[in-house]
Every structure is written in structure tokens, then in C-alpha cells.
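Report on the structure
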There are 2 protein chains.
Amino acid sequence: MSHAINDEALDTIFRAARTNRHWQDKPVSPALLMAIYDLMRWGPTSGNCCPARIVFVVSEEAKEKLRPHLDATNVHKTMSAPATAILAYDLDFARFMPKLNAALADAFADPQLARVTALRNASLQGGYFIIAARALGLDCGPMSGFDNDGVDRAFFAGTDVKSNFLCNLGYGDLSHLRPRAERLSFDEACRID
Amino acid sequence: MSHAINDEALDTIFRAARTNRHWQDKPVSPALLMAIYDLMRWGPTSGNCCPARIVFVVSEEAKEKLRPHLDATNVHKTMSAPATAILAYDLDFARFMPKLNAALADAFADPQLARVTALRNASLQGGYFIIAARALGLDCGPMSGFDNDGVDRAFFAGTDVKSNFLCNLGYGDLSHLRPRAERLSFDEACRID
């Protein structure tokens with residue numbers, strides 16, 4: 001059993017955190033990007049399959065490779081962000097199972113099982129990613145509005161890696177925040193049986 | 001911009017947290033189960049679609065409904081846990097969009113888009129769920145080893161809700177922890193472009 005974390009930390013990772021679309025002119029260092037992964041990688045996945053793959057888009061050249069595949073409403077906020085993570089998954093994640101969990105080395109041979117396992121668990125890891133970035137003091141701007149096939153051709157050609165979602169990273173300009181959207185109540189989303 | 005959370009909190013939610021299979025004889029209150037949802041619901045989803053649905057299996061009757069659908073290796077750890085969450089998603093999540101994001105009320109009409117959006121975002125919310133439970137001092141035991149169709153018939157008959165994964169909840173008996181499995185290095189999973 002561990003101890004609950006304090007209220008200020010709960011605010012940082014959940015209650016006060018907001019999706020950001022406007023950014024301060026303040027870079028995010030490679031060391032900080034690596035620190036996000038160094039936290040999120042400890043989160044659990046099915047059989048420890050760890051299918052998430054991440055490209056951090058930082059250089060001007062990489063940003064220009066990403067630009068044509070963004071939905072129009074996502075161009076400005078992405079091009080002005082200090083970094084954009086492409087959260088992806090490797091359909092051939094099983095090649096690492098001898099290292100990650102040797103007992104399950106052959107458990108994901110069925111392509112349909114591999115596909116749904118990759119999407120489910122890489123998305124779970126996407127949740128860990130967003131919380132880890134916030135825990136390190138960053139603001140996030142996750143997005144699904146882009147051309148997945150185009151991003152895959154531009155960044156993952158010749159591999160089995162497929163893009164899942166994008167997440168801008170930086171220090172938000174809070175003066176531009178929209179009013180917070182509603183969430184479902186406990187009774188709308190949950191029950192105790 | 002928010003402040004980074006402290007090292008002890010990072011340990012609690014990521015670095016020292018472990019998947020538990022053995023439980024102390026200590027209940028988890030309904031108020032604490034509701035507190036998990038009250039934190040995780042603030043995590044971002046695509047267009048604020050919030051597709052995750054959760055059944056907390058606590059009563060003996062509900063546990064017996066779950067038992068026949070568990071893989072053999074998951075029976076003991078689940079039946080001995082104080083609570084088991086069925087993390088699920090509503091394929092008809094769009095019915096709440098007028099409340100959640102009225103501008104996107106009709107954006108998920110395509111069933112294939114709705115299905116992948118539900119799986120991606122409910123899994124992302126599953127990541128928030130695990131972190132929220134740990135942040136409140138609970139230990140988690142997430143699992144994919146069960147008969148999804150059987151669980152759906154037993155708990156979600158007559159609805160569009162589909163089970164995604166299970167997560168045991170309680171206070172772990174740390175004397176039974178296995179050695180920690182490896183994770184991928186930064187260079188195996190990530191790159192900076």
C-alpha cells in the first residue's frame with residue numbers, strides 16, 4: 001500500500017490541468033522529453049507488452065514534415081508549440097516480448113489480437129504520457145485531428161508503427177484558456193454492483 | 001504552466017507502483033471508488049467525448065457473475081480483491097455530446113469512427129483511472145485475460161457498452177510481489193526528430 005499524494009499534486013495532474021492551445025515562448029529541453037518517457041514507461045500494460053512508440057517533433061524540418069497532415073484547426077497551435085509528440089504503436093510489438101515477458105513471447109501471433117492489443121495498450125500508455133508530462137510541470141494539447149496515413153508515411157515508412165494521436169507539449173499561455181467543458185457525473189458513467 | 005509534483009508523488013503514481021495480485025484484508029469504500037472517478041474524469045479525451053464506462057464489482061453476487069468469465073490465472077486474485085472495476089466503453093457515447101461538446105454533436109455518426117474513437121479514448125481514460133487510483137493510495141491489478149463477450153452479456157445486456165479491461169483494486173500484500181519486469185529504453189521506444 002502506498003500513501004495518497006497531496007491535493008496540490010492532484011490539481012497538477014487532474015483537477016487544474018487543462019488542454020492548451022496557446023504557448024509561452026519557452027522551449028522544452030530534450031532532457032525533459034526523455035524524463036516524460038522515463039516516468040510513463042513504468043505504467044502497466046497487458047502482459048507488459050509496451051506497444052507505445054513516440055516521436056518527439058521538435059526541429060523546424062520535422063515540424064514542416066508534420067504540417068501538411070494536420071487538420072486546419074490544429075495547424076497554428078501545433079506549429080507554435082515547443083514540441084509535438086506523435087503517440088504511436090508498433091503492430092510488431094511482439095518482437096520485444098523476449099525482453100519484456102519471455103513467457104508471452106508467442107502470445108500475440110494472431111494479427112487481429114496484436115492490433116487490438118496494440119491500440120488498447122498504447123492508448124493506455126498515452127494516458128500515462130499525458131499525466132507524466134503534467135507531473136513534470138508541462139502543459140499538454142492532445143489531438144486526434146490529423147491524417148494518420150499521411151503521418152505514418154512521413155514518419156514511420158517501412159515499419160509496422162502506426163500513429164495513434166498527437167500531443168503538443170510546452171508551457172501554456174493560460175490567458176487563452178476556454179471555459180472548461182463539462183464531464184459526465186458518476187451516475188452517468190459508473191455504477192457499483 | 002503548473003509546478004512539477006514532488007518525487008514521492010512520482011514514486012506513488014509511476015516509479016514505485018506495482019501490479020498487485022495479492023491483497024490485504026482491508027475493504028475499499030464506495031466513497032473511495034467514487035473519488036477515483038471524480039479525478040479521472042478530468043483527463044482529456046478527443047473532443048471531450050468521454051466514452052469510458054465503469055462497473056465496480058464489489059458485492060458477492062456481482063463477483064459470482066464475473067467469476068465464470070475470468071481466465072483461470074485471474075480467478076483467485078480477482079475473487080480475493082476488495083473491488084474489481086470493469087473498464088468499458090459506450091459505442092453510443094455520442095448521445096452525451098450535446099452536454100459534453102455540442103459543436104461535435106454529429107461528429108461521430110460513422111460507426112467505424114465511433115468504434116475506434118471509443119476504444120482509443122476509453123483506453124486513454126483507463127490510464128487516467130489507474131493513475132487516479134494510485135494517487136488515492138490504492139494498488140491496482142489490471143487484466144486483459146477474460147471473456148469480453150461473456151462479461152458484456154452479464155453486465156451490459158441490452159446496451160451498447162462493451163468491456164475493455166478489468167482492474168482489481170485494493171491494498172496490495174507487497175510480500176508477494178514478483179520481480180519487476182523490464183521496460184523498453186528510450187532509444188527502443190522513442191526518438192527526437
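Note: the structure precedes this text.
Description of the structure in this document. Sequence order as written defines residue numbering, which begins from 1 separately in each chain. All chains are assigned letters beginning at A, and all ligands numbers beginning at 1, according to the order in which they are written. A pLDDT threshold of at least 70 governs which residues receive local features in this predicted model, and a stricter bar of 80 or more applies before side-chain atom pairs are shown or counted, although totals over entire chains, interfaces and linings include all residues. Here the side-chain values reflect all heavy atoms present in the structure, with hydrogen atoms and water set aside.

1. Here we look at the state of the cysteines
- The disulfide criterion is simple: two cysteine sulfur atoms within 2.5 Å. Tallying each qualifying case throughout the model produces zero disulfides over all chains.
- Residue A:Cys50 stays outside any disulfide, its sulfur separated by 6.5 Å from that of A:Cys49, the closest cysteine.
- The thiol of B:Cys190 is unpaired, and the distance to the nearest cysteine sulfur, on A:Cys50, comes to 11 Å.
- For each residue, the accessible area found with a 1.4 Å probe, counting protein chains only, is set against the maximum for its type, and the residue is called buried under 20%, exposed over 50%, and partly exposed in between. Overall, the relative accessible area of 7% leaves B:Cys190 in the buried class.

2. As for unusual backbone geometry
Residue and element names in this part refer to chain A.
- A positive phi angle, near 60°, is found at Asn48, a position not held by glycine.
- Tracing the backbone through its elements, the reader meets Asn48 in the loop between helix 2 (30-40) and strand 1 (52-57).
- Look at Cys50: it is not a glycine, yet its phi comes out positive at around 45°. Elements are defined by DSSP. Helices are runs of H or I of four residues or more, strands are runs of E of two residues or more, and each kind is numbered from the N terminus.

3. Some thoughts on the packing of aromatic side chains
- Two rings from Phe, Tyr or Trp (for Trp, the six-membered ring) form a pair when their centres sit within 6.5 Å of each other. Planes less than 30 degrees apart are called stacked, planes more than 60 degrees apart edge-to-face, and all others tilted. A full pass over the atoms with the stated rule returns eight aromatic pairs over all chains.
- Centre to centre, the rings of A:Phe186 and B:Tyr37 are 6.0 Å apart; their planes meet at 75°, and the pair counts as edge-to-face. Here B:Tyr37 lies in helix 2 (residues 30-40) and A:Phe186 lies in helix 8 (residues 186-189), a pairing that spans two chains.
- The exposure class assigned to A:Phe186 is buried, which follows from its relative accessible area of 14%.
- Through successive ring pairs, a cluster of aromatic residues spans A:Tyr37, A:Phe56, A:Phe129 and B:Phe186.
- For A:Lys65, the ring lying beneath its charged end belongs to A:Phe155, and the centroid distance is 4.5 Å.
- Above the ring of B:Tyr171, the side-chain terminus of B:Lys26 is found at 4.2 Å from the ring centroid. Ring-over charges, as used throughout, are those where CZ of Arg or NZ of Lys falls within 6 Å of the ring centre and within 35 degrees of the ring normal.

4. As for the pattern of salt bridges
Residue and element names in this part refer to chain B.
- A side-chain nitrogen of Lys or Arg and a carboxyl oxygen of Asp or Glu constitute a salt bridge if their distance falls within 4 Å. The tally for this structure, following the rule as stated, stands at 20 salt bridges over all chains.
- Here Arg41 makes a salt bridge to Asp38, at a shortest N to O gap of 3.0 Å.
- For Arg53, the salt bridge identified is with Asp90, shortest N-O distance 3.8 Å. Of this pair, Arg53 sits in strand 1 (residues 52-57) while Asp90 is found in strand 2 (residues 83-90), placing the two residues 37 residues apart along the sequence.

5. Considering the interface of chain A and chain B
- Note on contacts: a residue pair is in contact if any heavy atoms of the two residues lie within 4.5 Å. Across the boundary between the two partners, chain A contributes 80 residues, which contact 80 residues of chain B.
- Scanning the region where chain A abuts chain B turns up four salt bridges.
- Residues A:Glu188 and B:Lys99 are paired through a salt bridge, measuring 2.8 Å at the closest nitrogen-oxygen approach.
- Counting of polar contacts relies on pairs of N or O atoms within 3.5 Å, with two restrictions inside protein: one atom must be capable of donating a hydrogen and the other of accepting it, and residues adjacent in sequence are counted only when both atoms are side-chain atoms. In this assembly, chain A and chain B are joined by 34 residue pairs in polar contact (both at pLDDT 80 or more).
- Looking at which element gives the most residues to the side of chain A that touches chain B, the answer is helix 6 (residues 111-135) of chain A, with 13 residues.
- In the scheme used here, Gly and all other residues not listed as nonpolar or charged are polar, with Ala, Val, Leu, Ile, Met, Phe, Trp, Tyr, Cys and Pro taken as nonpolar and Asp, Glu, Lys and Arg as charged. Grouping the amino acids of the side of chain A that touches chain B by side-chain chemistry returns 47 nonpolar, 18 polar and 15 charged.
- A pair of strands is treated as paired once DSSP finds two or more bridges between them. Of the strand pairs in this sheet, strand 5 (residues 190-192) of chain A and strand 1 of chain B are connected by three bridges, and their pairing is parallel. Among the inter-strand pairings, A:Arg191 is bridged to a residue of strand 1 of chain B, identified as B:Val55.

Keep in mind these numbers describe shape, not what the thing actually does.
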